[in-house]
Amino acid sequence: MSADFLQASAEGCGVRDLSGLIGLTVAEDWLAEADLAALRLADLRSDPDYAPWSVRAVALRDSGEMVGHAGFHTRPAPEYLLPYAPDGVETGYTVYPPHRRRGLGREALIALLRWAHLDQGVPRFIASVRPDNLASCSLLASTGFRRIASFIDEVDGLEYVMRLDPPALRRLLKAVDDL
C-alpha cells in the first residue's frame, strides 16, 4: 500500500477513491482501519526503507477484490524483539469476515514468510495473537509457530507471543513446495 493510499485511508476517504488509488476493489472493512493506515504511514515517513515490509492488501486474483491485509510491523531485527527473536520480524494479517475459512489467511501468511525468508534472509518470525482468536491461534500452530511468551497489550488485552523458528519454517516451506 502506497503512502498516498495510506494517507487517504487515514483521512477517511471512501471506497471509490481508495479503489482508484490502489487498483483493487477496496473492502468496506478497510474503512475501519484508519488507525492502522495512519500508523503505517508514520512508519513509512520515518523510515522509507520500511516500504517493502509495510502493510499489503490481500486480494482475490480473479476479481481484484480486497479481502484483507498482511505485512510486517517493522523491518527485521527491531529492538523490541530482542528477547524473543533478535534476528526476526513480526508479522500480522487480517482476513475480513465474509472471506474467512477459505485458506486466504494461510496463503497470505505463507507468502509473507516465503518472501521474507527466501528473498530477505529472515530466519525467524514472531506473531502476537489474542488467545480468544482461535482461528488465528490454530493457523499459527498449523504453520509451525509455537507460544513462547505472553503479555498484556494496552488495547487488546492478553496476547500470546508465537515464534516460528528456522527448522519449522524450512518444514513448512518444503511442505508447501511439495504440494
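Above this text sits the structure in question.
This structure is a prediction, so every number in the text was calculated from the model and none was measured.

About the thresholds
Residues numbered from 1 in each chain as written. Predicted model: local features only at pLDDT ≥ 70, side-chain atom pairs only at ≥ 80, totals over all residues. Heavy atoms only, no water. Helix = DSSP H or I, 4+ residues; strand = E, 2+ residues; numbered from the N terminus. Buried < 20%, exposed > 50% of the residue type's maximum accessible area, 1.4 Å probe, protein only. Phe/Tyr/Trp six-rings, centres within 6.5 Å; stacked < 30°, edge-to-face > 60°.

Chemist: Could you clarify how one ought to interpret unusual backbone geometry in this entry?
Modeler: Most peptide bonds are trans, and most residues other than glycine sit at a negative phi. Unusually for a residue other than glycine, Ala 77 sits at a positive phi of about 65 degrees. Structurally, Ala 77 is set in the loop between β2 (66-72) and β3 (88-95). Of the residues examined, Ala 77 reaches a relative accessible area of 44% and is grouped as partly exposed. The residue Arg 101 is not glycine, and still its phi comes out positive at about 65 degrees. Within the element layout of this structure, Arg 101 appears in the loop between β3 and α4 (104-119).

Chemist: How should the packing of aromatic side chains be read in this particular structure?
Modeler: Pairs of aromatic rings are described using the distance from one ring centre to the other and the angle between the two planes. By the definition in use, this model includes four aromatic pairs. With a centroid separation of 5.8 Å and an interplanar angle of 20 degrees, the aromatic rings of Phe 5 and Trp 30 are classed as stacked. With Phe 5 in helix α1 (residues 3-10) and Trp 30 in the loop between α2 (15-22) and α3 (34-46), this residue pair connects regions lying 25 residues apart in the sequence. Where Phe 72 meets Trp 115, the ring centres are 6.1 Å apart and the plane angle is 35 degrees; that geometry is what we call tilted. Taken together, the residues span a long stretch of sequence, with Phe 72 in strand β2 and Trp 115 in helix α4 at a distance of 43 residues. Just as Phe 72 is buried, Trp 115 falls in that class too. Grouping aromatic residues by their ring pairs yields a cluster made of Trp 53, Phe 72 and Trp 115.

Functional significance is not addressed by these values, which are geometric in nature.
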